[in-house]
Every structure is written in structure tokens, then in C-alpha cells.
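A structural walkthrough
The chain contents come next:
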Amino acid sequence: MKERLEALRSEALAELATVDSPQLLNDLRVKYLGKKGALTEILRGMGSLSAEERPIIGQVGNDVRAAIESVIEEKQAAFVAAETEMRLAAETIDVTLPGKKPEAGAIHPLNKVVQEIEDIFVGLGYTVAEGPEVETDYYNFEALNLPKDHPARDMQDSFYVTDEILMRTQTSPVQVRTMKAAQGKPIKVICPGKVYRRDDDDATHSFQFNQIEGLVIGPNIRMSDLKGTLLQFVQLMFGKQAQIRLRPSFFPFTEPSAEVDVTCSQCGGDGCRMCKHTGWLEILGCGMVHPRVLEMGGYDPNEVSGFAFGMGVERIALLKYGIDDIRHFYTNDLRFLSQFVRM
């Protein structure tokens, strides 16, 4: 048996010397050292040996196994080193070459306008209030002096979920919620957010758009305070040369009410195609808070007064950037959006 083991060692070492691939090396490991390999097969015959011979043959068997394993490990290490060297050569990077410039993202133009408007009014002492987009009929209409049968509801074709739940048509419900939470204390807030109306998509309308409304309530709040606030806002948004004018209008939740125009940014008020040669562009609606709305919000109209205003963010963005179609903001065309990275 000793001679068979020695012959096995010589045969295995000779065959391992010619190995040229990891797969062949693994095949030889199984052939000689596997559970059904040649070495295992020889050592199974130790049961027929005498007690004196077993330790000797066992030691020889261990030496043969160690010799074969040592060569296999050396070959395996050599194959790993060769593969690593080949990968390093194939994946060599020239660190002197310029790197790929990463694509830089940017804030969406509508979000830029929202942030700018918020910054202006926060600088004027306002706080930002938010509320749910899925609203109750009470907060969206009734608490704003629009009962169930009010004809002005037809001005806002709505998305109703149930008879009493709808997608808000304006951010005015946030004003109502803010009034109720204030419990009669003075208020100075703006309310930005998405609103929803059943409009056909065209160059100036969308079923979903962004709105920012403002509300101020306190003692001795006057129409002149409203006009001064809006003039300050317009000049900070469009430039010191911008002026405003107020035209009488109607809103159920304000009395008196007005539409606000700003001097055309294209012609400076001289008249052009954009402003239909009037020199003015409409940007928002406003007015003094209706006494009925104050009462439903928990205020005594004999003690306090207030003003409110509301603007469409898309409308402001169209005027600010000279864009002629609101749909550009929603199509995710990088040719359009990338222009605002430089602004």
C-alpha cells in the first residue's frame, strides 16, 4: 500500500505540473482528493492492515495529501494572480484624462417662482400655511360665503369625490383653517399649493395648477394696506419700474373686490401684442375680507378687518419669463427646462 501511495503522489504531481487552466486544476483536485478520488480509494484498504502498519500508512497518506494540496494551492494562487493582472491591464484608467461632466439638475421654473414669492412675503412678515388638497365642501365653498345654491360656484367647475368631498379649487380653504386655528388672533399668512378645476388644457389653462393666496386680519386693516402690499410685491418680482392698477370686480369672499393689473413687462406699458396694446397685464384678484367670512372664521367684523389676494403661479411665471404657453411647464422637455438653469 505504501508503494501505491508513493506512485499516486508521483502521478498526481506530474499531472499537476502540466495544468494550464483553473477548470483543469479543479478536475484534478476532485480526481485525486475528492470523496471518490484515488487517494480516498487507496486509504479505504487500511482496514485490512495490522495495528502496527496502520499508523505508518496513515502518515504516508497524510504526506501524500499534503504534497498534492500544496501544489494545488500554489497553482490556484498563480491563476488568481494572473487573472488579477489581466483585469488591471484591461481596466487601466488614464487619470490625466478629463472626467465626464455630471448632469446638473435644477429647480423646476414653477418651484423657482413659488420660492421667490414665498421669500418676498416672508420678508414682509408673512408666514407660510399649508392644507389638504382633498377638501370638504364646507371649507372650499360654504365657509367662503358660497352656500350650496350660490351661482358663483359655477365659476369653478370642480372634481367631486363625493357630495361633500372634492379636490380643492383654490387654496382659500387653508385661510379658513388658519382663521379657525388662530381663535381670533391677528393673521398674516400666504397659502401656496396645487389646486384642481375641470378646465380644458390649452395655452393658458390646466386642470391642475399652482396658486398662492394671502390673508391679513387685524385691527384697522385697510384697502390702502392691500394696495401697498401688492405694489411692493410686484416691484420685487418684476422690477422697480413695475406699477399696478386695481379694477373693481366681484368675489363672494371679499367686499369690495378688485382685479390687479401690472404694467406689461414686454413693452413697459406702451402697448404691445402681449398686452393687447393696453399696457397692462392681469395677474391676480384681491379684496377686503367679507364680514360673513370673518364671522365664519371666528372673528368679529366690528372689531377687526382684513384683506386677501390670490394669484396663479403659472400666470406669474408666464409674465416673468415671457412664456406663451402654460403647457411647457408640464411636458418635461429638457430643451425648455434647461434654459432656467442659467437664471
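Residues numbered from 1 in each chain as written. Predicted model: local features only at pLDDT ≥ 70, side-chain atom pairs only at ≥ 80, totals over all residues. Heavy atoms only, no water.

As for the pattern of salt bridges
- Using the criterion set out here, one finds 14 salt bridges in the structure.
- A salt bridge links E135 to R177; the nearest nitrogen and oxygen atoms lie 2.6 Å apart. Highlighted residues: E135 in strand β2 (residues 134-136) and R177 in helix α7 (residues 172-182), separated in sequence by 42 residues.
- Residue D225 is joined to R222 by a salt bridge in which the shortest nitrogen-to-oxygen separation is 3.8 Å.
- Here the salt bridges do not stand alone but share partners, grouping D137, E142, K148 and E164 into one network. (Salt bridge = Lys/Arg side-chain N within 4 Å of Asp/Glu carboxyl O. Helix = DSSP H or I, 4+ residues; strand = E, 2+ residues; numbered from the N terminus.)

Considering the packing of helix α2 (residues 22-33) against helix α4 (residues 53-90)
- Where α2 contacts α4, the two axes come as close as 10 Å, and the packing angle between them is 165°. Taken together, α2 and α4 sit at an angle that is classed as roughly antiparallel. Of the two possible hands of crossing, α2 and α4 adopt the one that is left-handed. In contact with P22, L25, R29, Y32 and L33 of α2, α4 contributes R65, I68, E69, I72, K75, Q76 and F79.
- Grouping the amino acids of the contact of α2 with α4 by side-chain chemistry returns seven nonpolar, one polar and four charged. (Axes fitted to C-alpha atoms, helices over the stretch in contact; angles between N-to-C directions. Parallel < 35°, antiparallel > 145°, perpendicular 65-115°, else oblique. Left-handed = near helix turned anticlockwise from the far one by under 90°. Contact = heavy atoms within 4.5 Å. Nonpolar A, V, L, I, M, F, W, Y, C, P; charged D, E, K, R; others polar.)

Digging into helix α10 (residues 313-321)
- Every buried residue of α10 is accounted for by V313, E314, I316, A317, L318 and L319.
- The inward-facing, buried residues of α10 contact α5 (109-123), β5 (208-218), α8 (223-238), β7 (254-263), β8 (280-289) and β9 (305-312).
- Looking one or two residues past α10, G322 carries a phi angle of roughly 65°, positive in sign. (Buried < 20%, exposed > 50% of the residue type's maximum accessible area, 1.4 Å probe, protein only.)

A short note on the packing of aromatic side chains
- Inspection of the entire model under this criterion finds nine aromatic pairs.
- Aromatic side chains F329 and F336 sit 5.8 Å apart centroid to centroid with 70° between the ring planes, which places their arrangement in the edge-to-face category. With respect to class, F329 is no different from F336; both count as buried.
- Aromatic ring contacts, followed pair by pair, group F121, Y126, F233, F307 and F309 into a single cluster.
- Above the face of the Y139 ring, R177 is positioned so that its terminal group lies 4.1 Å from the ring centre. (Phe/Tyr/Trp six-rings, centres within 6.5 Å; stacked < 30°, edge-to-face > 60°. Lys NZ or Arg CZ within 6 Å of the ring centre and 35° of its normal.)

Observations concerning the environment of N111
- Assignment of secondary structure puts N111 in helix α5.
- The sequence separation of N111 and E3 amounts to 108 residues, and the corresponding C-alpha distance is 87 Å.

Description of the environment of Q266
- Along the polypeptide, Q266 turns up in the loop between β7 and β8.
- With 56 residues separating them in the primary sequence, Q266 and G322 have C-alpha atoms 7.8 Å apart.
- Dropping the residues within four chain positions of it, Q266 is found in contact with C272, M274 and G322.

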